[in-house]
Amino acid sequence: MRVVIAKKTLSTVGGSETFARALDRELRALGHDVALVGMRPAWFRPGIADDARSTFLDVRFGRLGAAIDGLLPTTLVRDQDLRRVISGADVVHSLAREWAGALERAARAEGAAFVETPLVHPGQPFSGDTASDLARYRRADAVIALTNWEATWYRERGVSHVHVTGVGPNLVDLPEVAREPATILFVGRKEVYKGYYSLRRAARMVWRERADARFVAIGQPAWFAQIWPILAMRDPRWVDHDVVSERVKAEALARATIFAMPSDHETFGHTSSPAISRRSARSCGRASTGCTCGTSRGRSPTRSSRSFAIPSARAGWVFMGARAYCASSRGLLWRSERKRLTS
């Protein structure tokens, strides 16, 4: 079966980006002909433009259009370009609602089945819970949910063809490197709602008791960080990386003592799963699986980061406990669930 997986930003960092790559890898392992399609970035970025596995499309207005489409929920790709890359496909799979309308039109025009993994984040701006989004989910040949909670959310709103795949670590293996002492890792978009700025405030509280603590943040900066570079963290104990390669990310996960992602709007996604597989102490925000790890459900990102910072500093950096395993024990194991994708 020929499958085209489309994701506007095909980075090596990010939950939906990670899902796209894991889906590509696992479907190819099952013998399917799979193509990854994304947008050509406005400028060269490691982990995106050097990706030989993917097909990158130019959008309207050149680099300016790519910069706009990379920051905003717009669709500047040309319909004829999408139809060209999906020609002959049996299935067109849209991830994270990016280009979803254009992809649905192209799939219908080419006679392909249209499948969507919306990764809905209820309550968040542009989260995929509008009337037009729900109408598209109902029209889709199939909607993929990562958790039973997410599947129930769709079904309660009239979406009938919903399938749950589960989630799990996307890394084939983690390198055998020594774990660094007192190292806290953040992986994800460096947005306010992801808890990135809350974690920066928490770092100052941690350093009062553990001056040796080191923070490493990996991911795409927020759009306003490009405009106001004064917001950059100046302390040498805080290390910022932009988008990185899979190998660099894997090494960071292997070395980290704590994985921290005090997000206020999350499904329990792939970004956390490699940290669980490494059994790193973890702190995360609200999880749509109904499993809250390290923080209290409903707290603001600032309070989440506060509850993370002080106990972890006093408890020798062991902060996960049994709760961090509750989501992984609910059948969220990618490799054991992957065959559901082709059923």
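Residues numbered from 1 in each chain as written. Predicted model: local features only at pLDDT ≥ 70, side-chain atom pairs only at ≥ 80, totals over all residues. Heavy atoms only, no water.

Put simply, the protein chain has an average pLDDT of 75, and 69% of its residues get 70 or more. Within the protein chain, helix α11 (residues 301-314) has the poorest average pLDDT of any element, 31, and helix α5 (residues 131-139) the best, 96. Across residues 284-343 the pLDDT falls below 50, and counting only partners more than four positions away or on other chains, this stretch makes 141 contacts in the model. (pLDDT = per-residue confidence, 0-100. Helix = DSSP H or I, 4+ residues; strand = E, 2+ residues; numbered from the N terminus. Contact = heavy atoms within 4.5 Å.)

Another point: unusual backbone geometry. Phi at Arg97 takes a positive value of approximately 70 degrees, unusual for a residue other than glycine. Within the secondary structure, Arg97 is located in the loop between β4 (91-95) and α4 (100-110). Residues other than glycine seldom take positive phi values, yet Ala182 does so here, at roughly 55 degrees. You can see Ala182 is positioned in the loop between β7 (162-164) and β8 (183-187). A relative accessible area of 2% places Ala182 in the buried class. (Buried < 20%, exposed > 50% of the residue type's maximum accessible area, 1.4 Å probe, protein only.)

With parallel pairing, the seven strands of this open sheet are ordered in space as β3-β2-β1-β4-β5-β6-β7. Only two strands of the sheet have a single neighbouring strand rather than two, namely β3 (54-57) and β7. Put simply, the sheet's adjacent strands are angled 25 degrees from each other on average, direction ignored. As paired elements, β4 and strand β5 (residues 113-117) share five bridges and run parallel to each other. Within the sheet, the bridge partner assigned to Leu95 lies in β5 and is Thr117. Relative to the sheet, helix α3 (residues 79-86) contacts β1 (2-6), β2 (33-39), β3 and β4, its axis offset from that of β3 by approximately 165 degrees. (Pairing = 2+ DSSP bridges. Axes fitted to C-alpha atoms, helices over the stretch in contact; angles between N-to-C directions.)

What follows covers the nonpolar core. Leu82 and Tyr154 are the most contacted members of the largest nonpolar core, which totals 35 residues. Looking at this core, the elements with two or more residues in it are β1, β2, α3, α4, α5, β6 (142-145), α6 (148-155) and β7. Ranked by residue count, the leading element in this core is α4, at four residues. If you look at the next biggest cluster of nonpolar residues, it comprises 28 residues, including Ala203, Trp207, Leu253 and Met261. (Core = buried A, V, L, I, M, F, W, Y, C linked by side-chain atoms within 4.5 Å.)

What follows covers helix α7 (residues 196-209). For α7, built from 14 residues, the straight-helix expectation of 20 Å at 1.5 Å per residue is met to within 8% by its first-to-last C-alpha distance of 21 Å. Of the residues making up α7, those classed as buried are Tyr196, Tyr197, Ser198, Leu199, Arg200, Ala202, Ala203, Met205, Val206 and Trp207. (Expected span 1.5 Å × (residues − 1).)

What follows covers the side chain of Glu26. Residue position: Glu26 is located in helix α1 (residues 15-29). A polar contact is formed between the side chain of Glu26 and the side chain of Arg25, at a distance of 3.5 Å. (Polar contact = N/O pair within 3.5 Å; in protein donor to acceptor, adjacent residues only side chain to side chain.)

What follows covers the pairing of β2. Summarising burial for β2: six of the seven residues are buried, a large majority. The pairing of β1 with β2 spans five bridges and is classified as parallel. Considered in β2, the bridge of Val4 is made with Ala35. The sheet contact formed by β2 and β3 spans four bridges and is parallel. Its bridge partner lying in β3, Leu36 is registered against Ser54.

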